[in-house]
Amino acid sequence: MRTRTWLLYIVLAVLVPAFLVSALGIFYLYSEEQIAFRKSMQETARALASLLDKEITSREALLHTLALSPAIDNGDLPAFQRHARAIATTQETNIFLTDLEGQELMNTRTPEGSADLPKSKGLMALRAESGPDATVVSNVFMAPVGHAYSVAVQVPIKRNGVALYYLNSGTFVSRFQSIFTGQNLPAEWVGTIVDRNGIVAARSMDPEHLVGKPISQRLAALATTEAEGRYDGPSLEGVNMTAFFSRAPLSGWTFIVSVPKSIIRASAIHAIMLLSCIWLAFAALAMLGALYLAHRTSKPIEALRSAAGRLGRGEAVPEFRSGIVEIDAVAREMRHASERLLDSKAELEIQVAEAVSATARSQRALLQAQKLEALGRLTGGIAHDFNNVLQALNTGLHVVRLSAQEGRAANALEACQRAIKRATELTGQLAVFGRTQDSRLEVCALEHQLKIVRPLLDSAIRSDIELLIQVDAGLWPVKIDTLQFELAVLNIVINARDAMPAGGRLDIAASNVTIREDRPDLRAGDYVQLTISDSGSGMDSEVLTMALEPFFSTKAVGKGSGMGLPQAYGFARQAGGVLTLESKPHIGTCVTIYMARTLESPRPGADADVERSATRSGGSVLFVEDDVLVREVVEPALANAGFKVETAASGDEAYRTLQSGRHFDVMFSDVVMPGTLSGIDLAELAARQFPEMQVVLASGYSDRLAASKGVRILPKPYDMSVLIATLNGTGADIAKRVD
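None of the values given here were measured: they were computed from a predicted structure.

Analysis parameters
Residues numbered from 1 in each chain as written. Predicted model: local features only at pLDDT ≥ 70, side-chain atom pairs only at ≥ 80, totals over all residues. Heavy atoms only, no water. Helix = DSSP H or I, 4+ residues; strand = E, 2+ residues; numbered from the N terminus. Buried < 20%, exposed > 50% of the residue type's maximum accessible area, 1.4 Å probe, protein only. Areas by Shrake-Rupley, 256 points an atom, 1.4 Å probe, with all protein chains shown as cover. Phe/Tyr/Trp six-rings, centres within 6.5 Å; stacked < 30°, edge-to-face > 60°. Axes fitted to C-alpha atoms, helices over the stretch in contact; angles between N-to-C directions. Parallel < 35°, antiparallel > 145°, perpendicular 65-115°, else oblique. Left-handed = near helix turned anticlockwise from the far one by under 90°. Contact = heavy atoms within 4.5 Å. Nonpolar A, V, L, I, M, F, W, Y, C, P; charged D, E, K, R; others polar. Polar contact = N/O pair within 3.5 Å; in protein donor to acceptor, adjacent residues only side chain to side chain. Pairing = 2+ DSSP bridges.

Draft legend 1. Structural context of the overall build of the protein. The number of helices and strands found in the protein is 20 helices and 23 strands. Taking all 739 residues of the protein together, the buried fraction comes to 43%. Summed over its atoms, the accessible surface of the protein is roughly 38,600 Å², and 57% of this surface lies on carbon and sulfur atoms.

The following block contains the structure:
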């Protein structure tokens, strides 16, 4: 049997008893219709109030997102204003920032740097009632900038749990008119939004004249004391109305839906008349009624099918009621499921956006570190090759000078050697940037090194610059090249001095710091942090990105080599850490050097310098050098000094010479050479197989020199007198070794 037949039987079975109780039914229907109407109207007011809070919530979410702007952390209010203005693109919306006292600091409706901005007294009064952490929604007010009735939403901007500012979004209340537009209220109904004081913020009827006006005192009192309810009385136009109101929880504002009493009575009378006609003609229309009910039953099922399709596509499922409990229960659960899915999707999009932003920041830091690493390798390679050229020139000049001790030739040779010394210093700085000079690393206490370098710093700055050095107690020891440390600090101090032509303050601070998690440019671990900050002219973002590149300088030609900060950066990498720069124009620059903590203990340094001399000597030397130019000038110089010299062009050739059984007092070798054996590998083999032979290594390019034990190390280019004295000292077993 089909549904339609069953419905026909049911209708006929109900007709007779229903007709007898029709009178009671009419009265009951009227009562129930009134109750249902009031309930429906109350739900309508509640739903519209939730739409009001949804609008406020969207403002709040926008402010919380904007509060994360890096410009706030940097104190760059103009940049933050530009960022906010890009968001507040319409005239009806503005964003303004206030301090904790309510004084406006910037407003997107005013030009950058505007002074005499107003103070948000109303918002601060509400802030005092709500507390420092709550979101505050103002009452309706006349905006001083824009001159229109407005509402403001205020959220605190916090860093590390401390409120720094209050971020506000002001919107013309005319924006709330869109709530009525989307709801399609009947023309006779009146929707009204009022603030906590009963002032009209938006109205579906005649908003141009009534926005900003107060509602009746009795209705305002009810809306203030009760969250929702009903009121009977005249409207602002004087029409006798029944008003249903509901207060929005977040904003504290009230949504009022008013219906003329005449319409309510007309609806009841119409229902009674309609029902009477139906009962009088029910017998004739029984079949049509059954067919109608059958058709009506199929509609909710079709609505469920449509809702299931929307749920599958990830769309919102609208609320609908069929009057069938089972169908309504399924529809209700589907609507709840769609809400949960949409909320999860929105939360996931926010998390993805945050993750993408964090990844982008890490990628930028990684690219900068890779760029500096590539520059380091390039400059280190240039330093290595250039050192070999300088070595050949230096040794050749030394030999020539021995035969020209007087006259112009001697003066010219001395000038050439001074030029070579200057070039040596420059390549040394290049090598440090490339982290190629590890041969002078020693464990030291940083506070002691700062005491040593203090007189040098005092002489480098002017009297109008105040130098303050603060060192925390219990600094960890570090393993560094002390000469490069002094040079790095001096370079940074000189840069700071030049950035303060009118004087200022220079602070140097040293402290222990522990990095808990790996950074793109620094591994987690214990470090000694050296901070050098000045109150100078600072650098803009463009200069800051290039400040660590070799030979980049903003100084006039001849005033700087552009190797100061690159040398300091290379020293920091050599010390197992990194150098970071922070700078703001017209505020100053802060340079931070991280040096890795060492578990070794500092050893007292020698108090007396060893006097080296180029006396003539004897003994056999195995000279290992792959550069032909260096080999051709150093070999005769050593022979002229009294050594018996045999040469080898690679580590493999030198090792074969040693295995042939020939005896040598000293082996003097380069480090970086072609073949399977480097100078370090050759030194280690010699230490095991020929312990009676002393070893001296020379190089301007190697990251492994610090690992060489029991050998004397000379940095290229070396002076011949230093080499001869070193070979003499080594032969007598008095040379300083890396141990």
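Anyway, onward from the coordinates.
Draft legend 2. Quick peek at the packing of aromatic side chains. The tally for this structure, following the rule as stated, stands at seven aromatic pairs. Between the aromatic rings of F37 and W189, the centroid separation amounts to 6.5 Å while the plane-to-plane angle is 85°, which identifies the pairing as edge-to-face. In this pair, F37 sits in helix α2 (residues 22-66) while W189 sits in the loop between α6 (177-183) and β7 (190-194), placing the two residues 152 residues apart along the sequence. Judged by relative accessible area, W189 falls into the buried class, the value being 18%. Relative to F668, the ring of F623 has its centre 5.4 Å away and its plane inclined at 10°; by these criteria the two rings are stacked. Of this pair, F623 sits in strand β19 (residues 620-624) while F668 is found in strand β21 (residues 666-670), placing the two residues 45 residues apart along the sequence. Among the residues examined, F623 registers a relative accessible area of 1% and is labelled buried.

Draft legend 3. Main features of the packing of helix α13 (residues 446-460) against helix α14 (residues 482-498). Relative orientation of the contacting elements α13 and α14 amounts to 40°, with a least axis distance of 10 Å. It follows that α13 is oblique to α14 by the angle criterion. In terms of crossing hand, the pair formed by α13 and α14 is right-handed. Counting all contacts with α13, which are made through L446, Q449, L450, I452, V453, L456, L457 and A460, the residues of α14 involved are T482, F485, E486, V489, L490, V493, I494 and R497. Here the residues of the contact of α13 with α14 are counted per class, giving twelve nonpolar, two polar and two charged.

Draft legend 4. Looking closely at the side chain of S138. Looking at the element boundaries, S138 is found in the loop between β3 (136-137) and β4 (141-142). Here A152 takes part through its backbone nitrogen, which lies 2.8 Å from a polar atom of the side chain of S138. Those residues in contact with S138, other than ones at most four positions away along the chain, are L123, L126, V151, A152, R196 and W253.

Draft legend 5. Highlighting unusual backbone geometry. One non-glycine residue with positive phi stands out, namely N160, at about 55°. By the secondary structure assignment, N160 is in the loop between β5 (149-159) and β6 (162-172). Exposure remark for N160: the relative accessible area of 83% places this residue in the exposed category. Phi is positive for D206, close to 55°, though the residue is something other than glycine. Along the polypeptide, D206 turns up in the loop between β8 (200-203) and α7 (207-210).

Draft legend 6. Inspection of the sheet that holds β8 at higher detail. A sheet is described by the order of its strands in space; here five strands give the open sequence β8-β7-β11-β10-β9, paired in antiparallel fashion. Either end of the sheet is taken by a strand with one partner, and the two such strands are β8 and β9 (228-234). Between one strand axis and the next, the sheet turns through 25° on average, direction left out of account. Across three bridges, the pairing between β7 and β8 is antiparallel. Counterpart to T192 in the pairing with β8 is R203. Lying on the sheet, helix α8 (residues 217-225) is in contact with β9, β10 (240-247) and β11 (254-260); it crosses β10 at an angle near 25°.

Draft legend 7. View of the packing of helix α18 (residues 651-659) against helix α19 (residues 679-689). For the pair α18 and α19, interaxial distance at closest approach is 10 Å and the crossing angle is 15°. Our classification of the angle between α18 and α19 gives roughly parallel. Helix-helix and strand crossings are classified by hand; for α18 and α19 the assignment is right-handed. Each of G651, A654, Y655 and Q659 in α18 lies in contact with α19, whose residues at this interface are L682, L685 and Q689.

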